[in-house]
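# Structural description and commentary
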Amino acid sequence: MRFTLPRDLYHGKDALESLKTLPGKKAIVVVGGGSMKRFGFLDKVEAYLKEAGMEVQLFEGVEPDPSVETVMKGAKAMQEFKPDWIVAVGGGSPIDAAKAMWVFYEYPDTKFEDLITPFSFPTLRTKAKFCAISSTSGTATEVTAFSVITDYAKGIKYPLADFNITPDVAIVDPALAATMPKKLTAHTGMDAMTHAIEACEYTDPLALHAIEMINEYLVASYNGDLDARAKMHDAQCLAGMAFSNALLGIVHSMAHKTGAAYSGGHIVHGCANAMYLPKVIKYNAKEPEAAARYAKIAKFINLPGNTDEELVDALIARIREMNKDLDIPTCIKYYEGGIIDEKEFMEKLPNVAELAVGDACTGSNPRSINPDQMAKLLKCCYYDEEVDF
């Protein structure tokens, strides 16, 4: 086992200013759709990097759920500009995309297929170091060894995993999170809760504290409390440190493989996690060790119950209660008013189940699962049915 974090993590008020201290000659800044520019953060990032003595180039417009094509386009821009720092600013999408761009910048002959096998990346930092600045409180990609890239031709999200892509510097400044829209606050917050619950024992000091904070502050953050929003920005980062070093489970496998599978639209990652988490806890709790872990979590946040079974049920009830308070639907059928067609869902179910079992996160789930069981579990997530197998 290995425990890896960014070498430097700057957090708290005005943490963004730490960019002034980065030593280098050229920085490429990778950003998303425009919110960082709109709220003035992109100008600040550019100004601080220039103050550090660097020439700065922007790569803008990374889409939500970034594509292989965007990654290749960004890598080409890097190959032409030749930066010694890659600075990614925004939510999970621009940071994830920049991590993948980094590989193709340093190794232009690499194929995307070469990266799909977990922990198979070539050695990075031959040309550039990486700084991640998060604006959302959920993915924690600023401290993790993960990146999720979508192959739209295949309709599959690929979780890429390698300690090489853990950023060198992470900046967690609450001012950036204060600008999150309400729905994004809910979805990214439950993504963070899933990270902390799916992480395993060695990282419990981080995971349990993150769960406690998310339980206490997420709903208040959703309702506009900016102090709670700042607490959530720290909590999601702690959850990220935990899961990056303990891996995840089938909630993420299912979210990865259902996210881009249907013609009605995308199932947003954090929302998918929130809907699937109660069902997966119930499925995994048939394994006594997993049940004991969930019971420990429930006790830690003072939920009622005397037996492991009672405590597991209390944890499931609490997650469902949080989802309700965050206006997250109970199941896929009601997602965004019903955009995922029932007939299409059932037709694609065997294939999606097969892909989810083969996802990189399935191997670290506490209970094994086969494609038939996965199909049943996904069906429970579509209709909000009881998991009794």
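Residues numbered from 1 in each chain as written. Predicted model: local features only at pLDDT ≥ 70, side-chain atom pairs only at ≥ 80, totals over all residues. Heavy atoms only, no water.

## Thoughts on the overall build of the protein chain
Counting its regular elements, the protein chain contains 14 helices and 8 strands. The C-alpha atoms of the protein chain give a radius of gyration of 20 Å, which matches the 21 Å a tight globule of 389 residues would have. Its C-alpha atoms put the protein chain at 60 × 40 × 40 Å along the principal axes. Looking at the protein chain alone, contacts between residues at least 24 apart form 77% of all its contacts between residues at least 6 apart. Carbon together with sulfur atoms contributes 52% to the accessible area of the protein chain, which is approximately 15600 Å² in total. When the 40 positive and 53 negative side-chain charges of the protein chain are each reduced to one mean point, those points stand 3 Å apart. (Helix = DSSP H or I, 4+ residues; strand = E, 2+ residues; numbered from the N terminus. Rg over C-alpha atoms; globule rule 2.2 N^0.38 Å. Contact = heavy atoms within 4.5 Å. Areas by Shrake-Rupley, 256 points an atom, 1.4 Å probe, with all protein chains shown as cover. Lys, Arg positive; Asp, Glu negative; His and termini not counted. Charge placed at Lys NZ, Arg CZ, Asp CG, Glu CD.)

## Regarding helix H13 (residues 342-357)
Here H13 spans 21 Å end to end across 16 residues, near enough to the 22 Å set by a 1.5 Å rise per residue. Roughly 55 degrees is the biggest bend found in H13, and it falls at Leu 349, with proline Pro 350 one to four residues downstream. Along H13, the residues that are buried comprise Glu 344, Phe 345, Leu 349, Val 352, Ala 353 and Ala 356. In this structure, the buried residues of H13 make contact with helix H9 (250-258) and helix H14 (371-383). Where H13 begins, one side-chain oxygen reaches toward the backbone nitrogen of Lys 343, 3.2 Å away; that side chain belongs to Asp 341. (Expected span 1.5 Å × (residues − 1). Bend = angle between axes of the 7 residues up to and from the residue. Buried < 20%, exposed > 50% of the residue type's maximum accessible area, 1.4 Å probe, protein only. Polar contact = N/O pair within 3.5 Å; in protein donor to acceptor, adjacent residues only side chain to side chain.)

## Some remarks on the sheet that holds strand E5 (residues 129-134)
Strand order in the open sheet formed by 6 strands is E1-E8-E5-E4-E2-E3, with parallel pairing between adjacent strands. Here the strands that pair on one side only, and so sit at the sheet edges, are strand E1 (8-11) and strand E3 (55-59). Each neighbouring strand pair of the sheet contributes to a mean axis angle of 15 degrees, computed without reference to strand direction. Judged from the 4 bridges that link them, E1 and strand E8 (residues 169-172) form a sheet pairing that is parallel. Its bridge partner lying in E8, Asp 8 is registered against Val 169. In the packing of helix H3 (residues 68-81) onto the sheet, the strands contacted are strand E2 (26-30), E3 and strand E4 (85-90), and the crossing angle to E3 comes to about 160 degrees. Packed onto the sheet, helix H4 (residues 92-106) meets E2, E3, E4 and E5 and runs at close to 160 degrees relative to E4. (Pairing = 2+ DSSP bridges. Axes fitted to C-alpha atoms, helices over the stretch in contact; angles between N-to-C directions.)

## Focus: the pattern of salt bridges
Taken as a whole and assessed by the stated rule, the structure comprises 18 salt bridges. Of the charged contacts, one joins Lys 50 and Glu 46 as a salt bridge, the two residues approaching to 3.8 Å between their closest N and O atoms. Separated by 4 residues within a single helix, Lys 50 and Glu 46 lie in helix H2 (residues 41-51), roughly one turn from each other. For Lys 50, a relative accessible area of 48% corresponds to the partly exposed category. (Salt bridge = Lys/Arg side-chain N within 4 Å of Asp/Glu carboxyl O.)

## Describing the packing of aromatic side chains
This model, assessed by the stated rule, comprises 9 aromatic pairs. Pairwise contacts between aromatic rings join Tyr 262, Phe 345, Tyr 382 and Tyr 383 into one cluster. When the ring centre of Phe 81 is taken as origin, the NZ or CZ atom of Lys 26, which lies over that ring, is 4.8 Å away. Arg 367 extends its terminal NZ or CZ atom over the ring of Tyr 283, reaching a point 3.8 Å from the ring centre. (Phe/Tyr/Trp six-rings, centres within 6.5 Å; stacked < 30°, edge-to-face > 60°. Lys NZ or Arg CZ within 6 Å of the ring centre and 35° of its normal.)

## Some points on the packing of helix H7 (residues 204-222) against helix H12 (residues 308-325)
Between H7 and H12, the least distance of the axes is 10 Å, while the angle of their chain directions is 15 degrees. Here H7 lies roughly parallel to H12, going by the angle between them. In terms of crossing hand, the pair formed by H7 and H12 is left-handed. For the pair H7 and H12, contact is made by Ile 214, Asn 215, Leu 218, Val 219 and Tyr 222 and by Arg 318, Met 322 and Asp 325, respectively. Its residues assigned to classes, the contact of H7 with H12 shows 5 nonpolar, 1 polar and 2 charged. (Parallel < 35°, antiparallel > 145°, perpendicular 65-115°, else oblique. Left-handed = near helix turned anticlockwise from the far one by under 90°. Nonpolar A, V, L, I, M, F, W, Y, C, P; charged D, E, K, R; others polar.)

## Considering helix H11 (residues 288-300)
Between its first and last C-alpha atoms H11 spans 18 Å; for 13 residues at 1.5 Å apiece the expected length is 18 Å, and the two agree. By the burial criterion, the buried members of H11 are Ala 290, Ala 291, Arg 293, Tyr 294, Ala 295, Ile 297 and Ala 298. Where the residues of H11 are buried, they touch helix H6 (182-198), H7, helix H10 (269-284) and H12. Of the residues one or two after H11, Asn 302 is the one with positive phi, at around 60 degrees.

## Regarding the side chain of Thr 144
Summarising the element assignment, Thr 144 is placed in the loop between E5 and strand E6 (146-151). Note on Thr 144: relative accessible area 1%, which makes it buried. Within the structure, the side chain of Thr 144 is placed 3.3 Å from the backbone nitrogen of Phe 146, a separation counted as a polar contact. Apart from residues lying up to four places away in sequence, Thr 144 is in contact with Lys 99, Thr 139, Ile 165, Thr 166, Pro 167, Gly 240, Phe 243 and Ser 244.

## As for a nonpolar patch on the surface
A surface patch of nonpolar side chains, amounting to about 340 Å² of accessible area, comprises Phe 3, Leu 5 and Tyr 202. In this structure, Tyr 202 sits in the loop between H6 and H7. (Patch = residues over 30% accessible without salt bridge, like charges linked within 9 Å, V, L, I, M, F, W, Y side chains within 5 Å.)

## Considering the layout of surface pockets
Any empty space left between the atoms is revealed when a probe the size of a water molecule rolls over them. When its volume is computed, the second largest pocket comes out at roughly 410 Å³. Lining the second largest pocket are 24 residues, and of these Cys 200, Glu 289, Ala 290, Arg 293 and Pro 366 sit closest to its centre. Within the residue set of the lining of the second largest pocket, elements represented by two or more residues are H6, H10 and H11. The biggest single contributor to the lining of the second largest pocket is H11, with 6 residues. Its residues assigned to classes, the lining of the second largest pocket comprises 13 nonpolar, 4 polar and 7 charged. (1 Å grid on protein atoms, 1.4 Å probe; cavity = no way out; pocket = protein on both sides within 12 Å on 5 of 7 lines; lining within 4 Å. Points joined across faces, edges and corners; volume = space filled by probe spheres on them.)

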